[in-house]
Amino acid sequence: MASLTLSKGSNLSLTKADPGLQIAMVGLGWDPRTTSGADFDLDASAILVGKNGKVRNNDDFIFYNQLEAKDGSVVHQGDNRTGDGDGDDEQILINLNTVSPDVERVVIVVSIDQAEARHQNFGQIRDAYCRVVNQDNDVEIVRYDLSEDAAAETSMIFSEIYRNGAEWKFRAVGQGYASGLHGIATDFGISLD
C-alpha cells in the first residue's frame with residue numbers, strides 16, 4: 001500500500017485505507033532553517049475534543065508534561081528538544097479502539113517553545129510534516145507536508161484524526177496561530193494557568 005500525500009484541507013478515511021489499523025502512530029518532523037541564535041524547540045501535543053468542540057477537562061491535553069491520556073488511549077513518546085536528525089522528531093500513539101466514545105477528534109498541534117523570547121515562528125521552519133503510520137506493521141498510510149508560509153505563526157494545528165460514523169478519518173488542517181499554544185489551548189477550553 002502506497003502512502004497518500006494530502007494537501008491542506010483534504011481528508012482520508014483511515015478505516016478504508018487500512019482496515020486493520022488499530023494503533024495510529026502520528027509522526028511529526030521539521031527542520032529549522034539556518035538561523036543565528038537560539039535552537040528551535042518545537043513541541044507536539046494532542047488534544048482530545050468532544051462533540052462541543054472543547055476538551056472534557058485538562059486531562060485531555062497530552063503534551064511533554066502529561067504524556068498519556070488517563071485511559072491510555074493517547075500516548076506522547078517524549079520531547080525532542082532540537083529537531084536534529086532524520087525522520088520523525090516527535091511521535092504520538094493513538095489507540096483508535098480505546099479512545100473514549102465521547103471524544104470526537106484528536107487534534108495534533110505543534111508549537112514553538114519560547115517563540116516570542118527567541119523571535120521564532122513557523123516561517124523559519126522547513127520540511128515540516130505530519131504522517132500516520134500503522135504501528136503494527138510500520139506502514140505509512142498518509143502524509144501531510146506543510147508548505148505554506150506561516151511567518152507570523154508560533155503554533156499550528158497540523159492535523160486531526162476524527163470520527164465519522166464508524167470510521168476514523170485524517171484531516172490535513174495547517175491552521176496557524178500567532179497567539180501561540182495559549183491561543184489554541186483557549187480555543188479548546190484548556191486552562192494553562
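Cut-offs used in this document
Residues numbered from 1 in each chain as written. Predicted model: local features only at pLDDT ≥ 70, side-chain atom pairs only at ≥ 80, totals over all residues. Heavy atoms only, no water. Helix = DSSP H or I, 4+ residues; strand = E, 2+ residues; numbered from the N terminus. Rg over C-alpha atoms; globule rule 2.2 N^0.38 Å. Buried < 20%, exposed > 50% of the residue type's maximum accessible area, 1.4 Å probe, protein only. Contact = heavy atoms within 4.5 Å. Areas by Shrake-Rupley, 256 points an atom, 1.4 Å probe, with all protein chains shown as cover. Pairing = 2+ DSSP bridges. Axes fitted to C-alpha atoms, helices over the stretch in contact; angles between N-to-C directions.

Caption draft 1: Structural detail: the overall build of the protein. Summing up its helical and strand segments, the protein has 3 helices and 12 strands in all. Expected size for 193 residues packed as a compact globule is a radius of gyration near 16 Å; at 16 Å, the protein falls within 12% of this value. If you line up the protein on its principal axes, its C-alpha atoms span 50 × 40 × 25 Å. Put simply, the protein has 193 residues, and 50% of those count as buried. Long-range contacts, defined here as pairs at least 24 residues apart, represent 70% of the contacts in the protein between residues at least 6 apart. For the protein, the exposed surface amounts to about 8900 Å²; the carbon and sulfur share of it is 43%.

Caption draft 2: Representation of the side chain of Gln120 within the structure. Among the structural elements, Gln120 can be located in the loop between helix 2 (115-118) and strand 9 (125-134). Excluding anything up to four places from it in sequence, Gln120 contacts Ala38, Asp39, Phe40, Ile112, Asp113, Ala115 and Thr154.

Caption draft 3: How the structure looks around the sheet that holds strand 8 (residues 105-112). Taken in spatial order, the 6 strands make up an open sheet running 2-12-11-8-4-5, and their pairing is antiparallel. Since the sheet does not close on itself, it has two edges, and those belong to strand 2 (11-13) and strand 5 (61-62), each with one partner. Against the sheet, helix 3 (residues 180-187) engages strand 4 (42-49), strand 5, strand 8, strand 11 (155-164) and strand 12 (167-177), with an angle of about 30 degrees to strand 11.

Honestly, that's just the spatial picture; any functional story needs more than this.
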